[in-house]
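Working through the structure, step by step
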Amino acid sequence: MHRRLLTLLASAALVGTLFVAAPQQAAARTFDSTPSIFVAMWGTTYTGDYASECNSTDYTVNPGAYDGDGNTFRDSTVLQNAINDAASGAVIYICAGTYDIVDQLDSDNTAVTLAGAGEGDGGTTLDAYGSTRIIYWDTVDANQNLTLYDMKLYDGEMPYDGGAVWASAGSLTVDHVTFDGNIAAGQGGAINWDDGGESAYSLTIT
């Protein structure tokens, strides 16, 4: 059985919570702003929410294709390109599918929302296959926020803190996200959150 561990580090307080509920397919979300960037799986025909955008996006994961430098279009590379290209405050919609995370996704010092198609079957899964952390969000001020919506973060692993997510500064919001099979040798099998002792920084989990 996969271990589901959520450990929060905030102002030297450590809290552990065990999640055992089955993941649920999320209802369509209403975001503060319309998604401006879409990431999709090559060869998939999408239906439902944002189908036309997912079927015609410029950010397409295609492990069999290569860029001009001979690098494969790996899932995490495409996702990172989307984050790097996003304007501050942008919503990046990750269309349904399982995305292989070979290298952890990081912040590039911006504020974004990463939104999936749901945390259950038929939704969006970021799968690290026990090889790396999934998201590393180390920002420098209170405006560089990260929001995670409607997805599963699966099988992240680190020899340090934060198996799935390591975040500090800004604000971290986690809404309808399943953490499954994530491990850290240090603190936070699922999330390691460090507010740095700053009252302007916040963590919200729904």
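This text goes with the structure placed above it.
Residues numbered from 1 in each chain as written. Predicted model: local features only at pLDDT ≥ 70, side-chain atom pairs only at ≥ 80, totals over all residues. Heavy atoms only, no water.

1. Considering the overall build of the protein chain
- Scanning the protein chain from terminus to terminus reveals two helices and 18 strands.
- Counting every position in the protein chain, which comprises 206 residues, the buried fraction comes to 49%.
- Taking all contacts inside the protein chain whose residues are at least 6 apart in sequence as the whole, residues at least 24 apart take part in 71%.
- Of the roughly 9,700 Å² that the protein chain leaves accessible, carbon and sulfur atoms contribute 48%. (Helix = DSSP H or I, 4+ residues; strand = E, 2+ residues; numbered from the N terminus. Buried < 20%, exposed > 50% of the residue type's maximum accessible area, 1.4 Å probe, protein only. Contact = heavy atoms within 4.5 Å. Areas by Shrake-Rupley, 256 points an atom, 1.4 Å probe, with all protein chains shown as cover.)

2. A closer look at the sheet that holds strand β14 (residues 165-168)
- Strand order in the open sheet made by the four strands is β8-β11-β14-β17, with parallel pairing throughout. For this open sheet the edge positions go to β8 (105-106) and β17 (191-194), each flanked by a neighbour on one side alone.
- In this sheet, β17 lies alongside β14 in parallel orientation, the contact comprising four bridges. If you follow A167 over to β17, its bridge partner there is W193. (Pairing = 2+ DSSP bridges.)

3. A short note on the nonpolar core
- Counting 51 residues, the largest nonpolar core has Y99, L114, I135, L153 and V165 as its most contacted members.
- Aside from chain neighbours lying at most four places away, what touches I135 is L105, L114, L146, L148, L153, A164, V165 and W166. (Core = buried A, V, L, I, M, F, W, Y, C linked by side-chain atoms within 4.5 Å.)

4. Concerning the side chain of S107
- The residue S107 is located in the loop between β8 and β9 (112-115) in this model.
- Assessed through its relative accessible area of 6%, S107 is described here as buried.
- The contact partners of S107, leaving out residues within four places of it in the chain, are I83, Y136, W137, D138 and T139.

5. Focus: the packing of aromatic side chains
- Using the criterion set out here, one finds four aromatic pairs in the structure.
- Ring centres of F38 and Y93 lie 5.7 Å apart, and the angle between their planes is 55°; on these two criteria the pair is classed as tilted. Within this pair, whereas F38 is found in strand β3 (residues 37-41), its partner Y93 is found in strand β6 (residues 90-94), the two being separated by 55 residues in sequence. Y93 matches F38 in its accessibility class, with the two residues each being buried.
- Members of the aromatic cluster, each reached through a chain of ring pairs, are F38, Y50 and Y93. (Phe/Tyr/Trp six-rings, centres within 6.5 Å; stacked < 30°, edge-to-face > 60°.)

6. Topic: the environment of D103
- Among the structural elements, D103 can be located in the loop between β7 (97-100) and β8.
- By relative accessible area, which is 40% here, D103 ends up partly exposed.
- Spatially, the C-alpha atoms of D103 and D75 are 9.3 Å apart, while their sequence positions differ by 28 residues.
- Sequence-distant contacts of D103, that is, excluding residues within four places in its chain, are made with R74, S76 and T132.

7. Here's the deal with unusual backbone geometry
- At D150, a residue that is not glycine, the phi angle is positive and equals roughly 50°.
- Assignment of secondary structure puts D150 in strand β12 (residues 146-154).
- D150 gets classed as buried once you look at its relative accessible area, which sits at 2%.
- Positive phi values are uncommon outside glycine, yet D155 reaches one of about 60°.

8. Observations regarding the side chain of T113
- Mapping T113 onto the fold places it in strand β9.
- Ignoring sequence-local partners within four residues, the contact set of T113 consists of A90, V91, I92, T147 and Y149.

9. Structural notes on the pairing of β14
- The two faces of β14 match: V165 and A167 on one face and W166 and S168 on the other face are all buried.
- Two elements, strand β11 (residues 135-138) and β14, share four bridges in a ladder whose sense is parallel. The partner of I135 across the bridge, within β14, is V165.

Bear in mind that shape data such as this cannot, by itself, settle questions of function.
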